[in-house]
Amino acid sequence: MLMRHQTQLRPLQVLLTRPLDQSKQTAEWIESEGGIAHIFPCLVVLPTDPRPLQQALVDVSRHSAVAVTSVHAARALIAHWPTEKKLPPLFVLGNKTAQTLAKAGLVPTEIVDGETATARQLAKRLLAAIPATDKPVLFPQAETGREELPLLLAAARRNVEKVAVYQTVPATKEALLPAVQLLRERRIDLWPVGSPKTAQVLLDVLSDEAASLLAGVCVGAIGQTTAQALRDRNLRVDVVAEQPEFEDLLIRLAEAAARRE
């Protein structure tokens, strides 16, 4: 099976450090492919004050579109969406985010996924589909979310209403110490990393041991920004995947591990 050593005939062991709900989904896939997943979230997702989003949705017709780029933002939107109101055009980054919305009856107008799943491509699709208007694009995001999409839309002279709907806080050092022990015991084969912030939390816990403890681990990153954050800490990055699907990154990491054998 995919998540197994080619010559050692044992499961590949994967360290999952994304938020808990995302890691659980990935762990199920890893185990279905014959691997072993160790879940140690580096970031804890917490809701923010819901009132700004509720206020933004009081008159949803004043928005030209809604842009959703994460499962967490999708869930917040679902929780507060006024069901009697008609949905403006909904532009979504990633199939998992789209599926989360669709299950709640919020059907995306456009989905950007796969190799084209970038904020730039999402902005391009939105700008092509929505005529120029003074109505703002509603963008539910993390409290300290990435600004690429709002900046791209602003550069095209589109108004954007950003609303913080969740926040991420670092896990405690104590919560991550078992992960450190797994690395010390050389029991981790693959570490897929989804964001610079995730990388920073674990690497701060590993401190001066980071390079030595991760020397035998195949490390992969979603996107060049995450990859550069790892390299800035003097770590080797074996795989960089541009699309935000962890399964794709893990497939490539398993292939990299096979080449090492």
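Residues numbered from 1 in each chain as written. Predicted model: local features only at pLDDT ≥ 70, side-chain atom pairs only at ≥ 80, totals over all residues. Heavy atoms only, no water.

Details of the nonpolar core
Stage number 1. Formed by 30 residues in total, the largest nonpolar core has its most connected members in L15, L183, W191, L203, L206, L214 and L230.
Stage number 2. Residue contributions to this core peak at 6 residues, all from helix 8 (residues 196-206).
Stage number 3. When near neighbours in sequence (up to four residues on either side) are disregarded, L230 contacts W191, V193, A199, L203, V219, A221, L235 and V237.
Stage number 4. Formed by 21 residues, the second largest nonpolar core is a distinct cluster that contains V60, L90, V92 and L106. (Core = buried A, V, L, I, M, F, W, Y, C linked by side-chain atoms within 4.5 Å. Buried < 20%, exposed > 50% of the residue type's maximum accessible area, 1.4 Å probe, protein only. Helix = DSSP H or I, 4+ residues; strand = E, 2+ residues; numbered from the N terminus. Contact = heavy atoms within 4.5 Å.)

Some details on the packing of helix 1 (residues 20-32) against helix 11 (residues 246-260)
Stage number 1. Contact geometry of helix 1 with helix 11 gives a least axis separation of 10 Å together with a crossing angle of 40 degrees. Put simply, helix 1 runs oblique to helix 11. Judged by the twist between their axes, the crossing of helix 1 over helix 11 is right-handed. On helix 11, the residues that touch T26, W29 and I30 of helix 1 are F246, E247, L250 and I251.
Stage number 2. Residue classes in the contact of helix 1 with helix 11 are distributed as 5 nonpolar, 1 polar and 1 charged. (Axes fitted to C-alpha atoms, helices over the stretch in contact; angles between N-to-C directions. Parallel < 35°, antiparallel > 145°, perpendicular 65-115°, else oblique. Left-handed = near helix turned anticlockwise from the far one by under 90°. Nonpolar A, V, L, I, M, F, W, Y, C, P; charged D, E, K, R; others polar.)

Observations regarding the layout of surface pockets
Stage number 1. Approximately 1400 Å³ is the volume attributed to the largest pocket.
Stage number 2. Forming the boundary of the largest pocket are 45 residues, of which T69, S70, R146, G194 and S195 lie nearest the centre.
Stage number 3. When grouped by side-chain class, the residues that make up the lining of the largest pocket number 16 nonpolar, 20 polar and 9 charged. (1 Å grid on protein atoms, 1.4 Å probe; cavity = no way out; pocket = protein on both sides within 12 Å on 5 of 7 lines; lining within 4 Å. Points joined across faces, edges and corners; volume = space filled by probe spheres on them.)

Quick look at the packing of aromatic side chains
Stage number 1. Applying the stated criterion across every chain, the model contains 0 aromatic pairs.
Stage number 2. Across the ring face of F246, the terminal group of R18 is positioned such that the distance to the ring centre comes to 3.6 Å. (Phe/Tyr/Trp six-rings, centres within 6.5 Å; stacked < 30°, edge-to-face > 60°. Lys NZ or Arg CZ within 6 Å of the ring centre and 35° of its normal.)

Side note on helix 10 (residues 224-231)
Stage number 1. When we look at burial in helix 10, the residues that qualify are T226, A227 and L230. One side of helix 10 carries all its buried residues, which in axial view fall inside an arc of 100 degrees.
Stage number 2. Lining the buried residues of helix 10 we find strand 9 (190-193), helix 8, strand 10 (218-222) and strand 11 (239-241). (Arc of directions from axis to C-beta.)

Points about the pattern of salt bridges
Close approach of charged atoms lets side chains of opposite charge pair.
Stage number 1. For the structure on display, the rule yields 11 salt bridges.
Stage number 2. Among the ionic pairs, R51 bridges to D49, the shortest N-O distance being 2.7 Å.
Stage number 3. For R51, a relative accessible area of 59% translates into the label exposed.
Stage number 4. Measuring nitrogen to oxygen at the nearest pair gives 2.6 Å for the salt bridge that ties E209 to R184. Linking E209 in the loop between helix 8 and helix 9 (210-213) with R184 in helix 7 (residues 173-184), this pair joins segments that are 25 residues apart in sequence. (Salt bridge = Lys/Arg side-chain N within 4 Å of Asp/Glu carboxyl O.)

Shape descriptors only; they carry no functional weight alone.
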